[in-house]
Each structure stands twice: as structure tokens, then as C-alpha cells.
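# Structural characterization, general
Residues per chain are reported as follows:
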Amino acid sequence: MIFKALSNDTRVKILEWLKKPDENFGPQLYLPSDADFKGGICVGSIQEKTGLAQSVISSYLMIMKKAELLESRRFGQWTYYRRNEETIRKFADYIKNKM
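Rules of the game
Residues numbered from 1 in each chain as written. Predicted model: local features only at pLDDT ≥ 70, side-chain atom pairs only at ≥ 80, totals over all residues. Heavy atoms only, no water. Patch = residues over 30% accessible without salt bridge, like charges linked within 9 Å, V, L, I, M, F, W, Y side chains within 5 Å. Areas by Shrake-Rupley, 256 points an atom, 1.4 Å probe, with all protein chains shown as cover. Salt bridge = Lys/Arg side-chain N within 4 Å of Asp/Glu carboxyl O. Helix = DSSP H or I, 4+ residues; strand = E, 2+ residues; numbered from the N terminus. Phe/Tyr/Trp six-rings, centres within 6.5 Å; stacked < 30°, edge-to-face > 60°. Buried < 20%, exposed > 50% of the residue type's maximum accessible area, 1.4 Å probe, protein only. Lys NZ or Arg CZ within 6 Å of the ring centre and 35° of its normal. Arc of directions from axis to C-beta. Pairing = 2+ DSSP bridges. UniProt positions renumbered as here; feature names shortened; annotations may be inferred.

## Observations concerning a nonpolar patch on the surface
The grouping of Phe3, Tyr94 and Met99 at the surface amounts to a nonpolar patch, some 370 Å² of accessible area in total. Following the sequence through the fold, Tyr94 ends up in helix H6 (residues 85-98).

## Some words on the packing of aromatic side chains
All chains considered together, the criterion is met by 5 aromatic pairs. Centre to centre, the rings of Trp17 and Phe25 are 6.3 Å apart; their planes meet at 85 degrees, and the pair counts as edge-to-face. Under the relative-accessibility criterion, Phe25 is labelled buried at 15%. Aromatic side chains Tyr30 and Trp78 sit 4.8 Å apart centroid to centroid with 20 degrees between the ring planes, which places their arrangement in the stacked category. Taken together, the positions of Tyr30 in the loop between helix H3 (21-25) and strand S1 (41-42) and Trp78 in strand S3 (residues 78-83) put the pair 48 residues apart, joining distant regions of the chain. In this structure Trp78 comes out as partly exposed when scored by relative accessible area, which is 28%. Each member of the aromatic cluster is reached from another via a ring pair, and the members are Phe37, Phe75 and Tyr80. Just above the ring of Trp17 sits the side chain of Lys49; from NZ or CZ to the centre is 5.0 Å.

## Comments concerning helix H2 (residues 9-19)
Regarding H2, the residues found buried are Thr10, Arg11, Ile14, Leu15, Trp17 and Leu18. All buried residues of H2 project into a common sector of 160 degrees when viewed along the axis, lining one side. Summarising the geometry of H2, the exposed residues directed more than 90 degrees from the buried face are Asp9, Glu16 and Lys19.

## Some remarks on the pairing of S3
Of all 6 residues in S3, 5 are buried; the element is thus mostly enclosed. Where S1 lies against S3, 2 bridges are found, and the strand directions are antiparallel. Bridge pairing in S3 places Cys42 opposite Tyr80. As paired elements, strand S2 (residues 70-75) and S3 share 6 bridges and run antiparallel to each other.

## What about the UniProt feature "domain: HTH arsR-type" (unreviewed entry) in the protein?
Here, UniProt's "domain: HTH arsR-type" (unreviewed entry) annotation points to residues 1-99. Helix makes up 56% of residues 1-99 and strand makes up 14%, while its end C-alpha atoms are separated by 17 Å.

## Considering the sheet that holds S1
Across the sheet, 3 strands lie side by side as S1-S3-S2; this open sheet has antiparallel pairing. On the outer flanks of this sheet lie S1 and S2, each paired with one strand and no other.

What follows is the structure, given as C-alpha cells:
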């Protein structure tokens, strides 16, 4: 499932951008300051950066979440995504050792 998620250039870019969320997206105004979700970026911010329709971005994010490359959390009406560093690390180790 991870290979499928990474087979799209935009999904790979999103994953790269989420590695440095503050640098690539700026402050997330609606993320509560006491939220325990450091690095979370709102779907709307991701959509704006890509320039693609929100429905396309939502489907891309769901593919990446199902592959466990991303984690999500909802705060009010806003959904935020961030990288799942544990899965990414395990996948990188797999590639390094098996391929």
C-alpha cells in the first residue's frame, strides 16, 4: 500500500512538505494552542499549496493515511494531517535492507 501511495508525485511532495511543516505551510491559525498534534497541517493549507481541488487532496490524504504514512486529527470543523514518522522510518529501513 505504501508503494501505491508514493506512486504519485503530488503525494510525494505533500509528504516532503510535511517534513518541515512550519517552513512549508506557516502557522495553523485554527489548531488549538493546547492541541497535542505538533506539525499538524490543515487540509485547506495543503490544498492551497498544491493548487488542486480539495476533493482530490482529500482522496490523496486518505490514501496516504490508509498506508499509515500520515496521521490525522480533527479539531472542530478542521482536519489536520502530519507525517507518521514511525511508519516512514520502518519503510526506509525495509528499503535499505531488502532492496
